[in-house]
Structure formats: structure tokens, C-alpha cells
Amino acid sequence: MQYDLAVVGGSFAGLAAAIQVARAGRKVLVIDAGQPRNRFAEHSHGFLGQDGRAPGAILADARRQLLAYPTARVVSERADKAVAAGSSDFEITTDGDETFGAARLVLATGVRDILPEVAGLAELWGRSVLHCPYCHGYEVSGGPLGVLATGPMSLHQAQLIADWGDVTLFGNGLFEPDTDQMRALESRKVRFEPTTVIELREDGSGGLIVHLDDGRKAGVRAMFTAPRNTMASSLAEQLGCGFTEGLLGPVISVDERQQTTVPGVYAAGDAARSMHNIAFAVSGGTFAGVCAHQSLVFG
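Let us look at the structure shown here. Remember, it's a predicted structure, so these values are computed and weren't measured experimentally.

## Focus: the overall build of the chain
At step 1: Helices and strands together make up the secondary structure of the chain, namely eight helices and 19 strands.
At step 2: Computed over its C-alpha atoms, the radius of gyration of the chain comes to 21 Å, within 12% of the 19 Å expected for a compact globule of 299 residues.
At step 3: Each principal axis of the C-alpha distribution contributes one length, and for the chain these read about 60 × 35 × 35 Å.
At step 4: When each of the 299 residues of the chain is scored for burial, the buried share is 48%.
At step 5: Counting only contacts in the chain whose residues sit at least 6 apart along the sequence, the fraction spanning at least 24 positions is 54%.
At step 6: Approximately 14,000 Å² of the chain is accessible, and the part contributed by carbon and sulfur atoms is 51%.

Listed below in C-alpha cells is the structure:
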């Protein structure tokens, strides 16, 4: 079947894009591998009307609502290949060897976090090792908090997170503040710890014990870090979409209407912007869907 729109990625941005076009009575396909970036988090916060709900529950509701429209379809597979098929059509092939055609594409493929190589950190990611203070800061506020440096941007993160608690910035051998940067930290009452972090362990009460390589330990309620990102899918590259370098990794370049450098291909969500949370993803996906639909109407 030829679809008016194929959306690759069925998380917040992708479903938001799809429902706009389904409501216009157009044939819409969502291809989703079921691996949303925030699957490690038990609760979502700061998303209007959904505060405190599990991300998976929000997505399940959104998928049911999309599929209530008779022209919408969801395929639970991974999109492995995408090519231009003629002047205005695209073909997407999945890991199930199915090929689908579409007049327009929305890439909501997300990013993959490259976590710091500290023992115990990956197992705690999304629980007590966190990224976004707007998503999780309130729940761990009012006590000692850590920021694990991944580079110079960690200075900004530590200054920001000081609004939620008593912050220690762990340089971890990756960041050493100069005189001006140290003054900036001190102005926010942020302590700097240069010693390398070798392990993170739960303390039995929901917090963390930070093990340093000189044998010392520090207790924090949570550790924030800003890992580098990489594209979770190669589809944008396969199609020849342009990229820019974002704050923490590559970002698919889009114009003011969420269209990539390839006509007919739109992008939204974490793969298409540097600042990430559910509300931003839904907003970008909604606009990508609207613009993709309008391009079908007006060319």
C-alpha cells in the first residue's frame, strides 16, 4: 500500500506527527521498534496534564488514540532502509523484510545516549542517574546532588541544577574549571571535585554512594550527567539529510517547517533538536505532521 505519510519512530514526536495527518483522512503508517529513549524512567514529569505518569502508559494511550482513526496503521518493526523512489516518493524497508511506500516521511528516530564509562552507572540510568532537572529535579531536590562531568557543558549543568540542591560537580578527569569558571561555580555555591569517579552504588535508601579513585566516598541523592548523543537510526544519513553539530552530538538539520535538507522528508523529536524532553518532542512532531500534510495539499 502507498501511504501519504510514513513516520519512522512511534514515540512522542512520531505519534504526535501521525495523528495530525490521520485526522485529515490521509493514509498514515507508523513504523516503530518499541525502544523509546526514556524507557528507563519510571515516571515522566513536567509534561502538561500527564505529570507523574509512566512514559510507557502515556505512549500506550497515544497509540490507541491514533489507531482509532481508520486511515492509521502501526507496524511494530524496525525500519532498516529508506530510499527515494522517484521524484516525490520514498520506500522504507523493515527488519521484517516488508517494504512500504510513502509520499512524505517524518523521521522521529531519536538518539542513543553514550553513557560515561563508570561502573554501576548504566544500571542506574533513568532511576538515580539522570539527565534533565526539569524532568526529574523536583523529585530529588533539597539535598546533596552530583553532576558527573562529560565536558565543558557540565559547568552550565551544575550551575543550573544548583536551584534543586547542594551540588558537587565531579570533574572525573574530563573537566577542569579555569579561574573564571571556578568563580562562576562558587557564585552558585557549587563545589568542585577533581578526583575521578570509579563507581556508583545505591545506598539502600534511594540515593547513591559515589566512589572516588583515591578511596574516598561521597553521598548524593542523585547524579546528573549530560552524555553525548548519537543517532539511533541511520535512515537520515541514508537519505542524504544534512546534519549540524548540536550541544551534545549531531542533530538532523531542519528548516522553519521541520523539513530536512531532502524535500519531502521531515524530522522531529530528539534527533532534530538539541534540547530534549517530552513536551518539546510532542511540539516538534505536531508541527512536522502539520507541515507534511500541507505539503501534500499545496506541493
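## Side note on the sheet that holds strand β13 (residues 208–212)
At step 1: Taking strand neighbours across the sheet as the criterion, the three strands line up as β12-β13-β14 in an open arrangement whose pairing is antiparallel. Two strands close off the open sheet at either side, each with one partner strand: β12 (197–202) and β14 (217–220). For this sheet, the mean angle separating the axes of adjacent strands, direction not counted, is 25 degrees.

## Structural notes on the pairing of strand β1 (residues 2–8)
At step 1: β1 sits mainly inside the fold: six of its seven residues count as buried.
At step 2: Relative to strand β2 (residues 28–31), β1 runs parallel, the two being bridged by four bridges. Looking at the pairing, Val 7 lines up with Val 30 of β2.
At step 3: With helix α1 (residues 12–22) bridging β1 and the parallel β2, this β-α-β connection has right-handed handedness.

## Quick word on the pattern of salt bridges
At step 1: Taken as a whole and judged by the stated rule, the model has 16 salt bridges.
At step 2: In this structure, the salt-bridge partner of Arg 63 is Asp 32, at a minimum N-O distance of 3.0 Å. Placement of Arg 63 in helix α2 (residues 55–67) and of Asp 32 in the loop between β2 and α2 is noted, with a sequence separation of 31 residues between them.
At step 3: Assessed through its relative accessible area of 25%, Arg 63 is described here as partly exposed.
At step 4: The closest approach of N and O atoms between Arg 64 and Asp 61, which form a salt bridge, is 2.1 Å. With Arg 64 and Asp 61 both in helix α2 and three residues apart, this pair spans about one turn of that helix.
At step 5: By relative accessible area, which is 53% here, Arg 64 ends up exposed.
At step 6: Counted as one network, the salt bridges with shared partners bring together Arg 37, Asp 113 and Asp 270.

## Section: the packing of aromatic side chains
At step 1: Scanning the model with the defined rule gives four aromatic pairs in all.
At step 2: Here Tyr 3 and Phe 100 contribute two aromatic rings whose centre-to-centre distance is 6.4 Å and whose plane-to-plane angle is 65 degrees, an arrangement assigned as edge-to-face. Of the two residues, Tyr 3 sits in strand β1 while Phe 100 sits in strand β6 (residues 99–107), which places them 97 residues apart along the sequence. Of the two residues, Tyr 3 and Phe 100, neither departs from the other in class, the shared state being buried.
At step 3: Geometrically, the ring pair formed by Phe 12 and Phe 47 is edge-to-face, given 6.4 Å between the ring centres and 85 degrees between the ring planes. One end of the pair, Phe 12, is in helix α1; the other, Phe 47, is in the loop between β2 and α2, with 35 residues separating them in the sequence.
At step 4: Residue Phe 12 is classed as buried on the basis of its relative accessible area of 8%.
At step 5: We note Arg 273 situated over the ring of Phe 280; from NZ or CZ to the ring centre the distance is 4.2 Å.

Definitions and limits used
Residues numbered from 1 in each chain as written. Predicted model: local features only at pLDDT ≥ 70, side-chain atom pairs only at ≥ 80, totals over all residues. Heavy atoms only, no water. Helix = DSSP H or I, 4+ residues; strand = E, 2+ residues; numbered from the N terminus. Rg over C-alpha atoms; globule rule 2.2 N^0.38 Å. Buried < 20%, exposed > 50% of the residue type's maximum accessible area, 1.4 Å probe, protein only. Contact = heavy atoms within 4.5 Å. Areas by Shrake-Rupley, 256 points an atom, 1.4 Å probe, with all protein chains shown as cover. Pairing = 2+ DSSP bridges. Axes fitted to C-alpha atoms, helices over the stretch in contact; angles between N-to-C directions. Right-handed = clockwise from strand over helix to strand, strands pointing away. Salt bridge = Lys/Arg side-chain N within 4 Å of Asp/Glu carboxyl O. Phe/Tyr/Trp six-rings, centres within 6.5 Å; stacked < 30°, edge-to-face > 60°. Lys NZ or Arg CZ within 6 Å of the ring centre and 35° of its normal.

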